[in-house]
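# Observations on chain architecture
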Amino acid sequence: MNDAVPEPEPEETEPGAHPDPGYEPAAPAPLDVPRTPTGNAEVDARLARLADADHLATDGHVEVYEDVHRGLRDALTALDARPGPPAPPSPHEHRS
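Residues numbered from 1 in each chain as written. Predicted model: local features only at pLDDT ≥ 70, side-chain atom pairs only at ≥ 80, totals over all residues. Heavy atoms only, no water.

### Things to note about helix α2 (residues 61-81)
For α2, which comprises 21 residues, the first-to-last C-alpha distance of 30 Å matches the rise-based estimate of 30 Å (1.5 Å per residue) to within 8%. Listing the buried residues of α2 in full gives His-61, Val-64, Asp-67, Val-68, Gly-71 and Ala-75. Projected down its long axis, α2 shows its buried positions confined to an angular sector of 140°, all on one face. Pointing more than 90 degrees away from the buried face of α2 are the exposed residues Glu-63, His-69, Leu-76, Asp-80 and Ala-81. (Helix = DSSP H or I, 4+ residues; strand = E, 2+ residues; numbered from the N terminus. Expected span 1.5 Å × (residues − 1). Buried < 20%, exposed > 50% of the residue type's maximum accessible area, 1.4 Å probe, protein only. Arc of directions from axis to C-beta.)

The structure is reproduced here in structure tokens:
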């Protein structure tokens with residue numbers, strides 16, 4: 001005796017097809033994520049670029065995110081390349 005209930009056969013549809021012919025994906029909408037200014041104009045400009053993703057479909061977000069990431073990485077690299085103040089002399093350097 002088998003008490004198992006047979007599962008219904010899945011309906012065959014094309015991949016990515018929506019069963020409801022009236023289905024329309026929602027239009028892109030802003031996420032309204034607050035962006036706090038950092039005080040660094042270059043970094044703030046890159047962070048402001050994230051707002052561009054609010055008006056794109058999901059598949060367009062990657063380009064914006066990669067652009068912002070590249071810009072932030074360049075800004076950090078520039079900080080490392082800037083010469084800093086001279087190091088104070090070591091007390092052991094001037095022994096006679």
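### Brief notes about the pattern of salt bridges
If you walk through the whole model with that rule in mind, you get 4 salt bridges. Between Asp-67 and Arg-49 there is a salt bridge, and its shortest N-O distance comes to 2.6 Å. Here Asp-67 is found in helix α2, whereas its partner Arg-49 is found in helix α1 (residues 41-49), with 18 residues between them in sequence. Arg-70 serves as the salt-bridge partner of Asp-67, at 3.7 Å between the closest nitrogen and oxygen. One end of the pair is Asp-67 and the other is Arg-70, both in helix α2 and 3 residues apart, which spans about a single turn. Taken together, the shared-partner salt bridges connect Arg-46, Arg-49, Asp-52, Asp-67 and Arg-70 into one network. (Salt bridge = Lys/Arg side-chain N within 4 Å of Asp/Glu carboxyl O.)

### A look at the side chain of His-61
Within the fold, His-61 resides in helix α2. At a separation of 3.0 Å, a polar atom in the side chain of His-61 contacts the main-chain carbonyl oxygen of Ala-53. Discounting residues that sit within four places of it in the chain, His-61 has contacts with Ala-53 and Leu-56. (Polar contact = N/O pair within 3.5 Å; in protein donor to acceptor, adjacent residues only side chain to side chain. Contact = heavy atoms within 4.5 Å.)

### Here's the deal with the packing of α1 against α2
Axis separation between α1 and α2 bottoms out at 9 Å; the angle between their running directions is 170°. The angle between α1 and α2 places the two elements in the roughly antiparallel class. Seen from α1, the contacting residues are Glu-42, Val-43, Arg-46, Leu-47 and Arg-49; seen from α2, they are Val-64, Asp-67, Val-68, Gly-71, Leu-72 and Ala-75. Looking at side-chain class alone, the contact of α1 with α2 contains 6 nonpolar, 1 polar and 4 charged residues. (Axes fitted to C-alpha atoms, helices over the stretch in contact; angles between N-to-C directions. Parallel < 35°, antiparallel > 145°, perpendicular 65-115°, else oblique. Nonpolar A, V, L, I, M, F, W, Y, C, P; charged D, E, K, R; others polar.)

Keep in mind these numbers describe shape, not what the thing actually does.
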